[in-house]
Amino acid sequence: MCCDRVVSPLLERIAGLRAVMVTGKGGVGKTTVTATLARLLAASGKRVLCGEIAADQETSSPLMAALTGEGTSAIEPVEVLPGIATVVLQPTRGHHAFLRDSLKIHVLANAAMRSQVIRRFLLAAPTFPELGILYRVLELERERLPGGRHVWDTILLDLPATGHALALAQIPASILRIIPGGPIVEAVREGLRVLRDPAQAGAVIVTLPETLPVSEALELAAGLVKHEIPLAGFVLNRVPVDPFDPGEREAVRAHAATVGPLLGMRSLDRIERARGPRAAVARHLRAMDHPRGGVGGRAGVARPPDGDPRR
Amino acid sequence: MTGSPSHPERPVDLPFARAGLASFLEPLVRDKRVVVCCGAGGVGKTTTSAALGLAGAMLGRNVLVLTIDPARRLAEAMGIPESARAPSPIPPDRLAAAGVTGQGTLHAWMLNPTVVFEGMVRRLAHDEDRVRLILANRLYQHVSELVAGMQEYTAAEALYTLAEDRRYDLIVLDTPPSRNALEFLEAPRKLAGFLDERVVGMFLPSRGALRAAASSLISTVFTRIFGAGFHEELQEFLGAFSGMFGGMRAHAEAVRTLLTSSEATFLLVTSPEPSALAEARFFHAKIDELGVPFGGYILNRSWAQTRGLKNPDLVQVVGTSGPVASGWSKLSALADDERRRAGRDRSLLADLRGRGTDAIATPHLGGAVEDLSGLVALAGALVGPLEQESRTNPAT
């Protein structure tokens, strides 16, 4: 395992949390970060559950690919590595739990879930898919061993796109707008209590060391804070290692200008572009007066900066 | 079409503009009515769509780029407002400044779900009273923002409307970042399925023993979970919508017909990232399964193209010590790394072509494309030399 030294402030922070939402724009490496955090937590003796969100008939599993290189996760948690289990979170499963809890009558809940109309309504109607996922997460969070200990020390959620963390955060407000009364509102409020408690939950925003991704990540951070989702930190992924000292860089630049386009200069440009965004994230964390995130070289990602298509 | 799959090494390393060759994308951008760009999130779909649209305009066509949530700077570069109710033209002086001088035009629109949905209600509801009733309904206000798959639905609906009025020769659609491949192709069907008469009927007061039993279950469940008020509101809302479903299904069918016809083509945009590639291959399978025409792959953010770059090893550096020498040896190490990546990305490209499909790698353009001239450069690299037909004499 690489770089636990670098990632440790973030790791320390999330080690005590019950639920961690890994979020960020597509293509920044959320799944790899989730898998790496899971490995690091498991190495420190935690029992970790990684949840990925998938449509009902999803066949590929990026999370399993990142953890073990093959296989798919199932709707029930399965241990795939020592101390690490994976689960696929499906709205339908959460809907059932939700109906059971709010209807209080199992027969009625089962009948309701068998009803095509109700299932379709819950899948197509506003915010219910997110509600189903939230409910499923909370169900897993509450699971206990016979001795009373939690089955999972930490649940890591690999959220598919930026919108999802915000969508989860907005459930109560959305539901309230649509459905002003009824038992659902109380259930949802109670459900979000865990996700909004900084002692129990936090979001980890994954981004890349380029200007645009970083400014989008900072916007996402502001959005989460606005919806009272605690921010555990940032992971700046695929930060290129800078081998040059300032004198060397200047000398190389000056000399290269006289000989024309060179192999290696694209990497040098990339290294230089990465510097501003790193500073921006660090500034943001200081300004927020927030516990420090894992901002650093390759921030705990166990693969080469640009990925290797042949694994 | 150029770039025969059996010679992967040839087009890979040749920037088409310089080699005087057109890529497989050229006839697509020149002849098709709809070009759909699909791919995983973060692979550069929006930028690619914008560049292809620009290429179309440079070939003299009237082009619309329909995009979802573009990077703000790209929107600024193209000069499109963020919450427009209709497509906006890219100002001709801006195009001219970027070197686009032909007869073509370029419009862009950042899809606005509320506007698209409202437009559909207006077209399908026929009478003004019903339109008012629907738009004033409290649930409608939220349905238009919050229905799952709404982005996909709006993309398809907007495509339907804009393709109908024939104002544009070419529409380039930048699809929503959806993990479920081509969901937007199925979204209208799904939404129409949800708003199906049979489903809606269950919420409405009805006769018949079997339906009454089902309705009563639904009514019990909804009342107990959401409260009695909501159930009534939902009935009212769905009641107001009934009668529009036929029209919605017809739109869904029309979009499907257009997209499966030879007037459309689907391009898969990917990066060399394993997860993006896995998704691209999944999309490819899905495209074949759905029977929509596949145009080829665009490999973004790759290191495949190295033509014209010199190896620092081969450049004579004066002196053997000091920052120039040590910096130079470090640059050589970076160069070795780049060469390895180039090799890797080229075999990847060859692999994408291996199944008799077309594929092209975009060159490295130095960071993100952030302005129109960057897009023009990308358009040239993707499509080939774009001989602009201009009637007026360009100043240069």
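Counting restarts for each chain: residues are numbered from 1 in the order of the written sequence. By the order in which they are written, chains take letters starting at A while ligands take numbers starting at 1. Only residues with pLDDT of at least 70 get local features here, since the model is predicted, and only at 80 or more are side-chain atom pairs given and counted; chain-wide, interface and lining totals rely on the full set of residues. The side-chain quantities take in all heavy atoms of the structure and omit both hydrogens and water.

1. Some words on the overall build of chain A
Thought 1: A run of H or I in DSSP counts as a helix once it spans at least four residues, and a run of E counts as a strand once it spans at least two, with each numbered from the N terminus. Scanning chain A from N- to C-terminus turns up 12 helices and 7 strands.
Thought 2: The 311 residues of chain A split such that 57% are buried.
Thought 3: The contact rule is simple, with two residues in contact once any of their heavy atoms fall within 4.5 Å. Sequence separation of at least 24 residues holds for 73% of the intrachain contacts in chain A that already meet a minimum separation of 6.
Thought 4: Approximately 12300 Å² of chain A is accessible, and the part contributed by carbon and sulfur atoms is 56%. Relative accessible area decides the class of each residue, using a 1.4 Å probe on protein chains only: under 20% of the type maximum gives buried, over 50% gives exposed, and in between gives partly exposed. Using the Shrake-Rupley algorithm and a 1.4 Å probe, accessible areas are obtained, with residue cover drawn only from the displayed protein chains.

2. Concerning the overall build of chain B
Thought 1: Summing up its helical and strand segments, chain B has 18 helices and 8 strands in all.
Thought 2: Each of the 396 residues in chain B was classed as buried or not, and the buried ones make up 56%.
Thought 3: In chain B, once contacts between residues fewer than 6 apart in sequence are set aside, the share between residues at least 24 apart is 77%.
Thought 4: For chain B, the computed accessible surface area is about 16200 Å², with 52% contributed by carbon and sulfur atoms.

3. A look at helix H18 (residues 372-383) of chain B
Residues and elements named next belong to chain B.
Thought 1: Multiplying one less than the number of residues by 1.5 Å gives the expected span of a helix. An ideal rise of 1.5 Å per residue puts 16 Å on 12 residues; H18 measures up with 16 Å between its terminal C-alpha atoms.
Thought 2: Of all 12 residues in H18, 10 are buried, a share of seventy percent or more.
Thought 3: Listing the buried residues of H18 in full gives Leu372, Gly374, Leu375, Val376, Leu378, Ala379, Gly380, Ala381, Leu382 and Val383.
Thought 4: Positive phi shows up at Gly384, right after H18, with a value of about 115°.

4. Re the environment of Ile287 of chain B
Thought 1: Within the fold, Ile287 of chain B resides in helix H16 (residues 274-290).
Thought 2: C-alpha of Ile287 of chain B to C-alpha of Phe266 of chain B: the two residues are 21 residues apart in sequence and 8.1 Å apart in space.

5. A look at the confidence of the model for chain B
All names here are of chain B.
Thought 1: Looking at any residue, its pLDDT shows the predictor's confidence there, from 0 to 100. Predicted confidence across chain B gives a mean pLDDT of 79, with 78% of residues reaching 70 or more.
Thought 2: Confidence, read as mean pLDDT per element, is least for helix H1 (residues 9-13) in chain B (36) and greatest for helix H3 (residues 25-31) (96).
Thought 3: A low-confidence stretch, residues 1-19 (pLDDT under 50), is modelled with 45 contacts involving residues beyond four sequence positions or located in other chains.
Thought 4: Across residues 390-396, where pLDDT falls below 50, the model places 4 contacts with residues more than four positions away in sequence or in other chains.
Thought 5: This prediction of the complex comes with two scores: 0.78 for pTM and 0.71 for ipTM.

6. A closer look at the packing of aromatic side chains
Thought 1: Centres within 6.5 Å make a pair out of two Phe, Tyr or Trp rings, where for Trp the six-membered ring is used; the pair is then stacked when the planes are under 30 degrees apart, edge-to-face when over 60, and tilted otherwise. A full pass over the atoms with the stated rule returns 2 aromatic pairs over all chains.
Thought 2: Ring geometry for Phe98 of chain A against Tyr135 of chain A: centres 5.3 Å apart, planes inclined by 75°, an arrangement best described as edge-to-face. Of the two residues, Phe98 of chain A is situated in helix H4 (residues 91-103) and Tyr135 of chain A in helix H7 (residues 128-142); the sequence distance between them amounts to 37 residues. Both residues of the pair, Phe98 of chain A and Tyr135 of chain A, belong to the buried class.
Thought 3: Here the aromatic rings of Phe294 of chain B and Tyr297 of chain B are separated by 5.4 Å at their centres, their planes lie at 80°, and the arrangement is edge-to-face.
Thought 4: Here the guanidinium or amino end of Arg341 of chain B rests over the ring plane of Trp303 of chain B, the centre of that ring lying 4.7 Å away. Both a distance and an angle decide whether a charge sits over a ring: NZ of Lys or CZ of Arg must be within 6 Å of the ring centre and within 35 degrees of the ring normal.

7. Remarks on helix H2 (residues 30-43) of chain A
Residue and element names in this part refer to chain A.
Thought 1: Here H2 contains 14 residues, and its C-alpha end-to-end distance of 20 Å stays within 8% of the 20 Å for a straight helix at 1.5 Å per residue.
Thought 2: The element H2 is largely enclosed, with a buried count of 12 among its 14 residues.
Thought 3: The first or second residue beyond H2 is Gly45, which carries a positive phi of 95°.

8. Focus on the packing of helix H11 (residues 246-259) of chain A against helix H12 (residues 265-287) of chain A
Two numbers describe a pair of packed helices, the interaxial angle and the distance between the axes.
Residues and elements named next belong to chain A.
Thought 1: Interhelical geometry of H11 versus H12 gives an angle of 135° and a closest axis separation of 12 Å. One way to sum up the angle between H11 and H12 is to call them oblique. Where H11 crosses over H12, the handedness of that crossing is left-handed. Here H11 contributes Arg249, Val252, Arg253 and Ala256 to the contact with H12, which in turn contributes Met265, Leu268, Asp269, Glu272 and Arg275. Fitted lines through C-alpha atoms serve as axes, helices being fitted only where they are in contact, and the angles separating the N-to-C directions of these axes extend from 0 to 180 degrees. Small angles under 35 degrees read as roughly parallel and large ones over 145 as roughly antiparallel, with 65 to 115 read as roughly perpendicular and the rest as oblique. Each crossing gets its handedness from the near helix: less than a right angle anticlockwise from the far helix is left-handed, clockwise is right-handed.

9. Focus on the pairing of strand E4 (residues 84-89) of chain A
Residues and elements named next belong to chain A.
Thought 1: With respect to burial, E4 is a largely interior element, 6 of its 6 residues being buried.
Thought 2: Note: strand E2 (residues 48-53) against E4, 6 bridges, orientation parallel. Residue pairing for E4: Leu49 is matched across the bridge by Ala85.
Thought 3: Pairing between strands is defined by DSSP: at least two bridges between them are needed. The sheet contact formed by strand E3 (residues 78-81) and E4 spans 3 bridges and is antiparallel. Residue pairing across strands places Leu81 opposite Ile84, the latter belonging to E4.
Thought 4: The turn joining E3 and E4, which pair antiparallel and follow one another in sequence, is formed by 2 residues; a positive phi near 80° is taken by Gly83.

10. Comments concerning the sheet that holds E2 of chain A
Residues and elements named next belong to chain A.
Thought 1: Spatial strand order, E3-E4-E2-E5-E1-E6-E7: 7 strands in an open sheet with mixed pairing. Each edge of the sheet is formed by a strand with only one pairing partner; in this case those strands are E3 and strand E7 (231-236). In this sheet, neighbouring strand axes are inclined to one another by 25° on average, regardless of whether the strands run parallel or antiparallel.
Thought 2: Judged from the 5 bridges that link them, strand E1 (residues 19-23) and strand E6 (residues 201-207) form a sheet pairing that is parallel.

11. Quick look at the environment of His95 of chain A
Residues and elements named next belong to chain A.
Thought 1: One can find His95 in helix H4.
Thought 2: For His95, a relative accessible area of 3% puts it in the buried group.
Thought 3: Put simply, His95 and Gly276 are 181 residues apart on the chain and 45 Å apart in space, counted from C-alpha to C-alpha.

12. Describing unusual backbone geometry
Thought 1: Positioned with a positive phi, Glu228 of chain A is a non-glycine residue whose angle comes to about 65°.
Thought 2: In this structure, Arg238 of chain A takes a positive phi of about 55° despite not being glycine.

13. Some details on the sheet that holds strand E3 (residues 88-89) of chain B
All names here are of chain B.
Thought 1: Sheet architecture is open: 8 strands sit in the order E3-E4-E2-E5-E1-E6-E7-E8, paired in mixed fashion. In this open sheet, the two edge strands, each paired with only one partner strand, are E3 and strand E8 (359-361).
Thought 2: Inspection of the sheet shows strand E2 (residues 62-67) paired to strand E5 (residues 170-174) by 4 bridges, in the parallel sense. When the sheet's bridge partners are listed, Val63 is paired in E5 with Leu170.

14. Structural notes on the packing of H4 of chain A against H7 of chain A
Residues and elements named next belong to chain A.
Thought 1: Interaxial distance between H4 and H7 falls to 7 Å at its minimum, and their mutual angle equals 75°. The pairing of H4 with H7 is recorded here as roughly perpendicular in orientation. Contacts from Pro91, Arg93, Gly94, His95, Ala97, Phe98, Arg100 and Asp101 in H4 reach Phe128, Pro129, Gly132, Ile133, Tyr135, Arg136, Glu139 and Arg142 in H7.
Thought 2: Side-chain classes follow a simple rule in which Ala, Val, Leu, Ile, Met, Phe, Trp, Tyr, Cys and Pro form the nonpolar group, Asp, Glu, Lys and Arg form the charged group, and the remainder, Gly included, forms the polar group. Across the contact of H4 with H7, the residue classes tally to 7 nonpolar, 3 polar and 6 charged.

15. Comments concerning the nonpolar core
Side chains of nonpolar character tend, in soluble globular proteins, to be buried together.
Thought 1: The biggest cluster of nonpolar side chains holds 89 residues, and the ones touching the most others in it are Leu99 and Ile184 of chain A together with Val121 of chain B.
Thought 2: A per-element tally of this core places H7 of chain A first, with 8 residues.
Thought 3: Filtering out sequence-adjacent residues up to four positions away, Val121 of chain B remains in contact with Val131, Ile134, Leu135, Tyr140, Phe241 and Met244 of chain B.
Thought 4: As used here, the term nonpolar core means buried Ala, Val, Leu, Ile, Met, Phe, Trp, Tyr and Cys residues forming a set that is joined through side-chain atoms within 4.5 Å. Among the nonpolar cores identified, the runner-up in size contains 43 residues, and Leu52, Ala55, Val269 and Ala379 of chain B belong to it.

16. Overview of the pairing of E1 of chain A
All names here are of chain A.
Thought 1: By the criterion of burial, E1 is predominantly enclosed, with 5 of the 5 residues buried.
Thought 2: Of the two faces of E1, the one carrying Ala19, Met21 and Thr23 and the one carrying Val20 and Val22 are both buried.
Thought 3: When E1 meets strand E5 (residues 154-158), the two strands line up parallel, connected through 4 bridges. Among the inter-strand pairings, Met21 is bridged to a residue of E5, identified as Leu157.

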